[in-house]
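# A closer look at the structure
In case you want the letters, here they are:
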Amino acid sequence: MIMGDKIQLTAIEEGDLPLLREWRNQPGLRRHFREYREISVERQAKWFEGLRDDPNTIMFAIRTKADETAVKPQGELVGACGLTYIQWKNGIAELSLYIGRTYIDSLVAPEAQKLVIDYGFGELHLHKMWADVYDWSLHLLPTLLSHGPRSAGCALSRPCRRGYVERWRKPATRMLG
């Protein structure tokens, strides 16, 4: 468990899966993920089982923590985050984060990012982390940059699941620290 001021990062439990799946399958969230198809119970169960055996993925449940400023009771699941595509030899990983409880996004996302970044650099001794920040999520960029990473690249387009190359008015940014 990783403790923050307002949140705690814990292991994802089997009981968390229905709510995580519900959030991931919301079209408004799903369009932001590399895996854009709706997730079935079976597919999610396979993913969850794979977490135990995959040394290149470390995922956490984001839960509220009881204190005088907590929005909800201690332990309420509000999202998921972690490190994926970890390349241990090179010390590189992708930062993954999503908040399912949108009413709490601005309170939780910055702290969850900081906790995962600190865990990656401090505990795992990673050298670089990256995250794709698209034009619809550029509001997250200042938070990412405030925790130490720097912008190291910019993609003006990417292959799109609809079979053509998507181009953005504002470029996507890949963060490296």
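Predicted, not measured: the structure shown is a model, and the values here were computed from it. (Residues numbered from 1 in each chain as written. Predicted model: local features only at pLDDT ≥ 70, side-chain atom pairs only at ≥ 80, totals over all residues. Heavy atoms only, no water.)

Secondary structure assignment for the protein yields five helices and nine strands. Counting helices and strands in the order they occur from the N terminus, the protein gives β-β-α-α-α-β-β-β-α-β-β-α-β-β. Taking all 177 residues of the protein together, 44% fall into the buried category. Across the protein, the fraction of contacts at a sequence separation of at least 24, relative to all contacts at a separation of at least 6, is 62%. (Helix = DSSP H or I, 4+ residues; strand = E, 2+ residues; numbered from the N terminus. Buried < 20%, exposed > 50% of the residue type's maximum accessible area, 1.4 Å probe, protein only. Contact = heavy atoms within 4.5 Å.)

Turning our eyes to something else, we now look at the nonpolar core. What tends to happen in soluble globular proteins is that the nonpolar side chains get buried as a cluster. Judged by nonpolar contacts, the single largest core of 24 residues is most densely connected at Ile7, Leu9, Phe60, Ile62, Leu83, Tyr119 and Leu126. When residues of this core are traced back to their parent elements, those giving at least two are strand E2 (7-10), strand E3 (58-64), strand E4 (77-87), strand E5 (92-99) and helix H4 (105-123). Here the element with the most residues in this core is H4; it accounts for seven residues. Counting 13 residues, the second-largest nonpolar core is a separate cluster that includes Ile12, Leu29, Phe48 and Tyr98. (Core = buried A, V, L, I, M, F, W, Y, C linked by side-chain atoms within 4.5 Å.)

By the criterion of burial, E3 is predominantly enclosed, with seven of the seven residues buried. On E3, burial covers both faces: Ile58, Phe60, Ile62 and Thr64 on one face and Met59, Ala61 and Arg63 on the other are all buried. Bridge count between E2 and E3: four bridges; the pairing is antiparallel. Within E3, the position partnered with glutamine 8 by the bridge is arginine 63. Summarising the sheet, E3 and E4 pair through six bridges and their orientation is antiparallel. Residue pairing for E4: isoleucine 62 is matched across the bridge by glycine 79. (Pairing = 2+ DSSP bridges.)

This part is about the packing of helix H1 (residues 17-24) against helix H3 (residues 41-53). Their axes nearest at 11 Å, the elements H1 and H3 cross at an angle of 115 degrees. Two packed elements cross with a definite hand, and for H1 against H3 that hand is right-handed. Each of Leu17, Pro18, Leu20 and Arg21 in H1 lies in contact with H3, whose residues at this interface are Val41, Gln44, Trp47 and Phe48. (Axes fitted to C-alpha atoms, helices over the stretch in contact; angles between N-to-C directions. Left-handed = near helix turned anticlockwise from the far one by under 90°.)

Per the counting criterion, the structure on display carries one aromatic pair. Ring plane angle 85 degrees and centroid distance 5.5 Å describe the contact between phenylalanine 60 and tyrosine 119, whose orientation is recorded as edge-to-face. One end of the pair, phenylalanine 60, is in strand E3; the other, tyrosine 119, is in helix H4, and 59 residues separate them in sequence. (Phe/Tyr/Trp six-rings, centres within 6.5 Å; stacked < 30°, edge-to-face > 60°.)

On the secondary structure map, aspartate 16 appears in the loop between E2 and H1. Overall, aspartate 16 belongs to the buried group, its relative accessible area being 8%. Non-local contacts of aspartate 16, meaning those with residues more than four positions away in its chain, are made with Ala11, Ala61, Arg63 and Leu77.

None of this, on its own, says anything about what the molecule does.
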